Amino acid sequence: MLDWIALKFLAGVGILVFLLLNLLVVTYLEMKIAADFQVRLGPMRVGWHGTLQPLADFLKLFLKEDVVPGKADRILFWLAPLIFFLPAFLLFLVVPLSENLVPQDLDIGLFYIFALATVMPVGIIVAGWSSNSKYSLIGGLRGAAQQISYEVPMLLSILGVVMLSGSLSLVDIVKAQDGLLLGFLPSWFVFLQPFGFLLYLIAVLAETNRVPFDIPEAESELVAGYFTEYSGIKFGIFFLAEYTMTFFLSLFGALVFLGGWQGPFLPPIVWLLIKTYVLIYFVIWVRWSLPRIRIDQILALGWKILLPAAFINIFLTAIFMEIG
Amino acid sequence: MTKPKLRKETILLNMGPQHPSTHGVIDFFLEVDGEEVVGAEVKMGYLHRAVERLAEFRTYPQIFPLVDRLDYLSAHHSEFAYALAVEKLLQVDVPERADHIRVILVELKRIASHLLFYGAFAMDAGSVTPFLYAWREREKVMDLLEDVCGIRLHPNYFRFGGVREDLPPGFLEQTINFVDKLPFFLDEYEAMLGENEIFQVRTIGIGKVSPKRAINLGLTGPYLRGTGLKWDLRRDEPYSVYPKFDFEIPTGKQGDCFDSYKVRIEEMRQSGRIIKQAIEKIPDGPIRTSLPKKVIKPPKGEAYARVESPRGELGVYVVSDGSARPYRLKVRAPSFTNVQAFPELAKNHLIADAVMIIGALDPVIGEVDR
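Here the residue index of a chain counts from 1 through its sequence in written order. Naming scheme: in the order in which they are written, chains are lettered from A and ligands are numbered from 1. Under the rules for a predicted model, residues below a pLDDT of 70 receive no local features and side-chain atom pairs below 80 are neither given nor counted, while totals for whole chains, interfaces and linings still include all residues.

Participant: Where do I start with the overall build of chain B in this structure?
Facilitator: Each helix and strand counted, chain B has 15 helices and eight strands in total. For 370 residues, the compact-globule formula gives about 21 Å, and the C-alpha radius of gyration of chain B, at 22 Å, lands near that figure. Dimensions of chain B, computed from C-alpha atoms along their principal axes, come out at roughly 90 × 50 × 35 Å. Every C-beta atom is placed from the backbone, and the number of other C-beta atoms within 10 Å of a residue's own sets its class: buried at 20 or more, exposed at 12 or fewer, partly exposed in between. Counting all 370 residues of chain B, 53% fall into the buried class. A sequence separation of at least 24 residues applies to 71% of the contacts in chain B between residues at least 6 apart. Runs of E in the DSSP output that reach at least two residues are strands. Runs of H or I that reach at least four are helices, and both are numbered from the N terminus. It is over C-alpha atoms that the radius of gyration is taken, and the globule rule equals 2.2 Å times the number of residues to the power 0.38. Residue pairs qualify as contacts under a 7 Å threshold applied to their C-beta atoms, which are placed from the backbone.

Participant: Quick question: what am I supposed to make of the nonpolar core here?
Facilitator: Considering soluble globular proteins, one finds that nonpolar side chains tend to be buried as a cluster. All names here are of chain B. Throughout this description, the term nonpolar core refers to a group of buried Ala, Val, Leu, Ile, Met, Phe, Trp, Tyr and Cys residues whose C-beta atoms join them within 7 Å. Core analysis: the biggest nonpolar cluster contains 187 residues, and Phe 342 and Ile 357 have the highest contact counts within it. Among the elements that line this core, the one with the most residues is helix H4 (residues 96-124), at 17 residues. In contact with Ile 357, not counting residues within four places along its chain, are Ile 206, Gly 207, Cys 257, Phe 342, Leu 345 and Ala 346.

Participant: So what exactly am I meant to see when it comes to the interface of chain A and chain B here?
Facilitator: One frequently used descriptor of interface size is the decrease in accessible area upon assembly of the parts. Facing 23 residues of chain A, the contacting portion of chain B comprises 25 residues. Elements with a contribution of two residues or more to the side of chain A that touches chain B: helix H10 (219-222) and helix H13 (295-323) of chain A.

Participant: Is there a simple way to explain the confidence of the model for chain B in this structure?
Facilitator: The predicted coordinates of low-pLDDT regions are not to be read in fine detail. For every residue, the predictor assigns a confidence score, pLDDT, that lies between 0 and 100. Averaged over chain B, the pLDDT score is 86; the fraction of residues at 70 or greater is 99%. Confidence metrics for the complex model read pTM 0.85 and ipTM 0.78.

Participant: Please clarify how the sheet that holds strand S8 (residues 326-332) of chain B should be interpreted in this entry.
Facilitator: What links the strands of a sheet is backbone hydrogen bonding, and the strands pair in either a parallel or an antiparallel sense. Residue and element names in this part refer to chain B. Strand pairing requires that DSSP identify at least two bridges connecting the strands. The three strands are arranged S6-S7-S8 in an open sheet whose pairing can be described as antiparallel. Of all strands in the sheet, those bounded by a partner on one side alone are strand S6 (301-309) and S8. The average undirected angle you get between the axes of adjacent strands in this sheet is 15°. As defined by bridge partners, strand S7 (residues 312-320) adjoins S8 across six bridges and the pair is classed as antiparallel. Bridge pairing in S8 links Val 318 to Leu 329. Here an axis means a line fitted to C-alpha atoms, over the contact stretch when the element is a helix, while the angle between two N-to-C directions is reported on a 0 to 180 degree scale. Against the sheet, helix H3 (residues 75-90) makes contact with S6 and S7, and its axis sits at roughly 150° relative to S6, the strand it touches most.

Participant: Honestly, the environment of Ser 290 of chain B in this entry has me stumped. Any pointers?
Facilitator: Considering the arrangement of structural elements, one finds Ser 290 of chain B in the loop between helix H11 (257-281) and S6. For the pair Ser 290 of chain B and Phe 117 of chain B, spaced 173 residues apart in the sequence, the C-alpha separation amounts to 38 Å.

Participant: Before we go on, may I ask you to explain helix H5 (residues 120-130) of chain A in this structure?
Facilitator: The periodicity of an α-helix, 3.6 residues per turn, causes residues three or four places apart in sequence to face the same way. Residues and elements named next belong to chain A. Most of H5 is tucked away, with nine of its 11 residues classed as buried. Listing the buried residues of H5 in full gives Met 120, Pro 121, Gly 123, Ile 124, Ile 125, Val 126, Ala 127, Gly 128 and Ser 130. Buried residues along H5 sit in contact with helix H3 (74-90), helix H4 (109-117) and helix H6 (134-165). Of the residues trailing H5, Asn 132 is marked for its positive phi of about 60°.

Participant: Even after reading the chapter, I still don't get the pairing of strand S3 (residues 36-43) of chain B, so can you show me in this structure?
Facilitator: Regular strands show a simple pattern: their side chains alternate between the two faces of the sheet. Residue and element names in this part refer to chain B. The pairing of strand S2 (residues 27-33) with S3 spans seven bridges and is classified as antiparallel. Within S3, the position partnered with Glu 31 by the bridge is Gly 39. Counting the residues in the hairpin turn of S2 and S3 gives two residues, including Gly 34, whose phi is positive at 70°.

Participant: I tried to follow unusual backbone geometry on my own but got confused; where do I start?
Facilitator: Within the chain, Asn 132 of chain A stands out as a residue other than glycine whose phi angle is a positive 60°. Mapping Asn 132 of chain A onto the fold places it in the loop between H5 and H6. On the basis of neighbour counts, which here come to 15 C-beta atoms within 10 Å, the residue Asn 132 of chain A falls in the partly exposed class. A positive phi angle, close to 55°, is found at Ser 240 of chain B, a residue other than glycine. Considering the arrangement of structural elements, one finds Ser 240 of chain B in the loop between helix H10 (233-236) and H11. The class for Ser 240 of chain B is partly exposed, based on 18 C-beta atoms found within 10 Å.

Participant: It is not clear to me how the sheet that holds S3 of chain B should be interpreted in this structure. Could you clarify?
Facilitator: Residue and element names in this part refer to chain B. Pairing within the open sheet is antiparallel, and its three strands lie in the order S1-S2-S3. Only two strands of the sheet have a single neighbouring strand rather than two, namely strand S1 (11-15) and S3. In this sheet, adjacent strand axes meet at a mean angle of 25° when their direction is disregarded. In this sheet, S2 lies alongside S1 in antiparallel orientation, the contact comprising five bridges. From the neighbouring strand, Met 15 faces S2, where its bridge partner is Phe 28. Those strands touched by helix H14 (residues 351-361) are S2 and S3, and its axis lies near 155° from that of S2.

Participant: Honestly, helix H1 (residues 2-37) of chain A in this entry has me stumped. Any pointers?
Facilitator: Residue and element names in this part refer to chain A. To estimate the expected span of a helix, count its residues, drop one, and scale the result by 1.5 Å. The terminal C-alpha atoms of H1, which comprises 36 residues, lie 52 Å apart, in line with the 52 Å expected from a rise of 1.5 Å per residue. All of the buried residues in H1 are Leu 19, Asn 22, Val 26, Thr 27, Tyr 28 and Glu 30. As for H1, its buried residues are in contact with helix H2 (53-63), H3, helix H11 (232-257) and helix H12 (268-287).

Structural data, given as structure tokens:
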């Protein structure tokens with residue numbers, strides 16, 4: 001029993017270290033890739049080519065004064081970053097990094113993930129409400145509206161994969177992508193479910209509050225949206241949680257659609273990370289290329305286009321399965 | 001049992017004076033119902049420096065640095081209008097070469113100002129990258145202007161009856177070089193932003209105004225031309241050497257944010273054309289008419305001169321009582337009048353649209369408050 005607890009504890013620490021290391025890489029890449037798009041150098045001073053810049057940034061956030069607005073609801077103000085961050089962190093519990101490297105392989109892994117992801121908008125609303133600021137309030141409401149309207153199409157876009165693989169466990173889903181398709185294509189779900197993959201990508205952008213769907217924190221409209229009033233480490237936690245979500249959803253996309261750790265020659269975890277970072281690059285690329293959509297247009301896109309499209313995808317998948 | 005009454009309230013939102021999208025210290029006071037703007041008001045005065053009053057205590061040449069600080073993004077235009085007004089009072093002629101230099105600089109500055117608009121507008125729409133691209137080209141214009149004026153933003157370069165110094169060697173070649181490349185950059189910018197579907201959805205039909213209403217609101221500049229009205233002082237009330245040049249006045253159709261954006265992009269191309277022609281036609285000769293007296297004392301009287309600045313119709317009204325200092329200086333600032341249209345344009349749009357309208361009106365707060 002004790003061994004078991006120790007093992008789980010170790011797994012938890014392992015996830016945390018893995019996550020934080022990757023977050024540093026993602027933030028660094030974000031800065032560098034953005035700089036590349038914008039004909040500038042990006043961070044160059046801290047460490048070789050600015051590699052230590054994310055570390056310096058986080059250190060700065062830790063040391064900053066933590067200001068709480070006078071009329072804020074102190075307890076909720078304190079809780080909001082945690083409500084936002086914890087689910088994002090707990091998501092990694094069911095993520096397999098290779099066939100044997102799984103913290104906890106749940107049979108209902110996908111359900112677990114989507115259940116936790118629905119908790120995050122609560123954090124946004126709480127943050128927006130407790131700050132007692134108008135910008136935060138509007139940002140919070142926007143964020144909640146957006147995340148709820150994109151959770152549904154995202155879930156439905158994965159449903160096609162679940163139907164094909166016949167399992168809700170992530171390990172089984174990756175295993176189902178073994179082998180070749182028509183003799184030359186790897187049998188990844190991106191080829192079997194191209195439409196679902198597209199829907200998933202759009203939903204990822206919306207779920208992570210990134211351009212073109214970054215209205216909850218739309219800088220030019222709402223200053224910083226729901227975390228306008230946050231500073232110091234609490235701001236840092238929000239920041240971390242958003243990057244965690246970006247990283248997680250890319251990792252998840254790589255597992256579900258891009259064949260996970262499968263690939264020749266290289267060790268499985270390397271393959272998985274390569275695929276993850278390809279998706280992250282896509283997300284960053286979109287962020288620095290497109291303008292922002294308006295709130296009503298975002299909601300209309302979510303409910304009127306993505307949702308029916310996801311249903312059609314499921315329908316087609318069912319027909320495909322029945323015939324093939 | 002009675003039904004509980006649903007109480008609805010609007011929120012009063014102070015967008016400014018410190019806000020990322022207000023382009024300076026100005027307060028756009030919005031009354032919002034959820035996301036919709038139901039009422040708006042512009043609160044200004046945060047940057048008031050009493051330039052007009054200060055001018056009454058300065059000698060005429062000392063006012064050039066003052067008017068620079070009105071529209072700090074196109075300071076050459078303010079100087080131009082002021083110089084034209086005082087020249088009317090003094091009744092001096094400007095040598096041909098000086099006039100050409102003036103036009104070249106002013107049009108370069110128009111390009112720089114519109115480039116800044118392009119970048120800031122993209123930022124308002126939520127896209128950061130175009131801003132940095134525009135900045136790259138604007139930097140080249142600023143370098144050119146610095147070569148001539150010695151400074152980037154506040155040139156103090158115009159003089160009554162001419163300009164301060166002649167053009168430095170190599171300037172004309174460099175300018176031609178830049179102007180030749182400009183259309184390619186503009187095509188690139190259009191591909192980045194103007195042809196983007198999201199951007200079009202965000203701007204087309206936003207802040208619509210009819211030509212007649214635009215005139216009644218006092219709108220001038222690109223926003224007015226966006227409604228389809230061909231009104232440009234460079235053509236309709238020509239000053240300096242503009243009649244010599246061949247250029248078009250771009251107009252829009254609907255009078256929305258997108259049209260005013262398109263008009264500005266097209267104006268940059270036309271400015272490039274004007275600069276090219278001015279450089280081809282620039283004569284040799286003096287750059288300044290020497291004034292008879294050391295101390296400038298215009299005869300009693302008043303004069304009004306207006307130029308087409310990047311933001312619209314910029315007028316300067318000078319009253320002289322025969323002394324070395326003006327009795328009164330009044331500036332008709334285009335940003336000031338354009339901003340007045342904001343409450344009407346923003347009504348019944350969303351908060352995000354209000355931001356785009358502010359961006360499309362392109363106010364410079366130094367000019368709004370003076």
